[in-house]
Amino acid sequence: MTRRTQVAVVGAGPAGLLLAEVLQRQGVESIVVERRDRAYVEARIRAGVLETGTVEMMRRAGAAERLEREGLTHDGIEIAIDGHRRRVDFRGLVGASVTVYGQTEMTKDLGNRRAASGAETLYEALDVSLHDLETKRPRLQFVRDGREDEIEADFIAGCDGFHGACRPSIPAERLGVYERVYPFAWLGIMADCPPPADELIYARHQRGFALCSMRSRSRARHYLQAAPDEDLDQWSADRIWSEIAIRIGDPQGRLLKTAPLIEKSLTPMRSFVCETMRHGRLFLAGDAAHIVPPTGAKGLNLAASDVHYLSQAIVAFYRSGSQAELDAYPARALARVWKAQRFSWWMTTMLHNAGPGEAFQDKIHRAELDYVLGSPAAQTSLAENYVGLPY
Ligand code: RFL
Ligand code: PHB
């Protein structure tokens, strides 16, 4: 059967659901097509720090009620160098803050909003393929419940993440891609215990980077710099907790509470930008077009800013018939993407150990961090980028 809609959205992650719901509230209809089932999508533990702009996008999607009630406002972060902690005061420096709220919760809220509005989300859609992208009637084909299905749309939004089907549908010779892979990864854990401080602690230590984050006052989310091929079986809970304690400067474990691990995973670190965010009537948004290393907490927030620019362009098209905003989408989105790439790369290199044979780099990065913590001007720049550049 062939379904017909205005915007066919591939991927029900934050980018896809946010786009579909923001469009819905502006009278533009869409169908979302997702490879996994809803429970899987909503349980994927990832980001946790939202910029003001991302919170505003949740409002524009009509899905911010619980976020406004349960999200934790953070006015700053702490940075530890070799165990000595200092605070960077975002509110004092730039008059803004961030909101700590799990990506899992954000996806659930958007999924509920979408279900309540009666708009269609087709979960467990397999073998998605894109067709006729350079015509006015692009199509999506896929298999669901063992049957072939098709959507014909005015536009296709590629919100299917880094490993999705949309970016590979652009002819290789048209793709402009920039990439850097880092020689380290993050070992991440989650546990039901209070975090060691009221705000996040980013730590640079001779033994490697550590981050103490949270999902709530009773749920901690922590990360340790590890090798990209680290064997997680070598990391018992005790070893992980004591390593975090050392790296944040709390070797006696006075601040760091512990609890059984409810998750343990390894995340590779990569910077990636596909500058071809549009091909005919296909538009990419979020991780489908770009990946940042997580140190600056920018990935999910970039997905939200892409959705801001893309939804504006699509709505303008339906209101005025003009393509101008659609034509401008890649340049507008990329201007912000590259600034967040720079910030994420800078935070990553400054806070991690560069590894064996890189003693000079390590000295420079440590000196840079020392400089930042001693300079109100440098801290202002960090704060301005961390809370999110304006749209
Ligand atoms: P997603 O979340 O990957 O969603 C894409 C969706 O598309 C589906 N899909 C397909 N559907 C149909 N057909 C196909 N062929 C498909 N292929 C894929 C997938 O199943 C999925 O549901 O991309 P999206 O929506 O662009 O969202 C991006 C964010 O998820 C990502 O940038 C962040 O999680 C990155 N990130 C962080 N970002 C922040 O802003 N702040 C943070 O604090 C932060 N911390 C993190 C992070 C990412 C992490 N990991 C695991 C990569 C911490 C970590 C550890
Ligand atoms: C998280 O809570 O998962 C998190 C927080 C800050 C980051 C990255 C991840 O920079």
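What you see is a predicted model, and the numbers here were worked out from it, not measured in a lab.

(A) Focus on the side chain of Thr 349. Position of Thr 349 relative to the elements: it lies in helix H9 (residues 324-351). A polar contact is formed between the side chain of Thr 349 and the backbone oxygen of Trp 346, at a distance of 3.2 Å. Non-local contacts of Thr 349, meaning those with residues more than four positions away in its chain, are made with Arg 204 and His 365.

(B) Up close: the site of ligand 1. Around ligand 1 sit 31 residues in total, of which Glu 34, Arg 44, Gln 103, Asp 287 and Leu 300 are the nearest. Interatomic distance of 2.6 Å between a side-chain N/O atom of Arg 44 and an oxygen atom of ligand 1. Asn 301 places a main-chain nitrogen or oxygen 3.1 Å from an oxygen atom of ligand 1. When contributions to the shell around ligand 1 are tallied by element, the ones reaching two or more residues are helix H1 (14-25) and helix H8 (299-320). When residues in the shell around ligand 1 are grouped by element, the largest group, three residues, is from H8. Residues belonging to the shell around ligand 1 are distributed by class as follows: 13 nonpolar, ten polar and eight charged.

(C) Fine view of the environment of Glu 173. By secondary structure assignment, the location of Glu 173 is in the loop between strand E13 (155-158) and strand E14 (177-191). Accessibility expressed as a relative area gives 69% for Glu 173, which makes it exposed. Residues Glu 173 and Val 41 lie 132 residues apart in sequence; the distance between their C-alpha atoms is 32 Å.

(D) The domain arrangement of the protein, seen in detail. Examined at the domain level, the protein breaks down into domain 1 (2-73 + 101-178 + 270-347) and domain 2 (182-269 + 353-387). With centres defined by C-alpha atoms, the gap from domain 1 to domain 2 works out at 30 Å. With 22 residues of domain 1 in contact, the opposing surface of domain 2 contributes 21 residues. Taken as a group, Ile 45, Leu 72 and Trp 346 account for 31% of the area that domain 1 buries against domain 2, more than any other trio of residues on that side. Where domain 1 touches domain 2, the interface holds zero salt bridges. Our count for the contact surface shared by domain 1 and domain 2 stands at six residue pairs in polar contact (both at pLDDT 80 or more).

(E) Highlighting the nonpolar core. Counting residues in hydrophobic clusters, the biggest one holds 74 residues, and the most contacted among them are Leu 18 and Leu 140. Counting residues per element, this core draws most heavily on H8, which supplies eleven residues. Apart from residues no more than four positions distant in its own chain, Leu 18 is found in contact with Met 57, Met 58, Ala 61, Met 106, Leu 110, Ala 304 and Val 307. Val 98, Tyr 182, Trp 346 and Val 372 belong to the second-largest nonpolar core, a separate cluster that totals 34 residues.

(F) Just the side chain of Gln 103, in detail. Mapped onto the elements of the fold, Gln 103 is located in helix H6 (residues 103-117). Overall, Gln 103 belongs to the buried group, its relative accessible area being 9%. The residues contacting Gln 103, other than those within four sequence positions of it, are Pro 14, Arg 46, Ala 47 and Leu 300.

(G) Region of the structure containing empty space enclosed by the protein. Under the counting rule described, the total for this entry stands at two cavities of 30 Å³ or more. In this structure, the largest cavity spans a volume of roughly 60 Å³. Around the largest cavity sit Glu 51, Lys 298, Leu 302, Arg 336, Lys 339, Ala 340, Phe 343, Asn 385, Gly 388 and Leu 389, which together line it. Looking at the lining of the largest cavity element by element, the count peaks at four residues for H9. By residue class, the composition of the lining of the largest cavity is four nonpolar, two polar and four charged. Its boundaries defined by the atoms lining it, the second largest cavity holds a volume of some 30 Å³. Forming the boundary of the second largest cavity are Gly 13, Pro 14, Val 41, Arg 44, Gln 103, Thr 104 and Thr 107. Top element by residues in the lining of the second largest cavity is H6. It accounts for three residues. Here the lining of the second largest cavity is built from residues that sort into two nonpolar, four polar and one charged.

(H) Inspection of the pattern of salt bridges at higher detail. Under the criterion given, the structure shown has 35 salt bridges. Of the charged contacts, one joins Asp 192 and Arg 219 as a salt bridge, the two residues approaching to 2.8 Å between their closest N and O atoms. Residue Asp 192 is located in the loop between E14 and strand E15 (201-204), and its partner Arg 219 is located in strand E17 (residues 219-226); the two are separated by 27 residues in the primary sequence. Relative accessible area serves as the criterion here: at 43%, Asp 192 is assigned to the partly exposed category. Shared partners join several salt bridges into a network, and the residues in it are Glu 65, Arg 66, Arg 69, Glu 70, Glu 105, Lys 108 and Asp 109.

Basis of the calculations
- Residues numbered from 1 in each chain as written.
- Chains lettered and ligands numbered in written order.
- Predicted model: local features only at pLDDT ≥ 70, side-chain atom pairs only at ≥ 80, totals over all residues.
- Heavy atoms only, no water.
- Helix = DSSP H or I, 4+ residues; strand = E, 2+ residues; numbered from the N terminus.
- Polar contact = N/O pair within 3.5 Å; in protein donor to acceptor, adjacent residues only side chain to side chain.
- Contact = heavy atoms within 4.5 Å.
- Near = heavy atom within 4 Å.
- Nonpolar A, V, L, I, M, F, W, Y, C, P; charged D, E, K, R; others polar.
- Buried < 20%, exposed > 50% of the residue type's maximum accessible area, 1.4 Å probe, protein only.
- Domains from an automatic or database assignment.
- Buried area = accessible area lost by both parts, 1.4 Å probe.
- Salt bridge = Lys/Arg side-chain N within 4 Å of Asp/Glu carboxyl O.
- Core = buried A, V, L, I, M, F, W, Y, C linked by side-chain atoms within 4.5 Å.
- 1 Å grid on protein atoms, 1.4 Å probe; cavity = no way out; pocket = protein on both sides within 12 Å on 5 of 7 lines; lining within 4 Å.
- Points joined across faces, edges and corners; volume = space filled by probe spheres on them.

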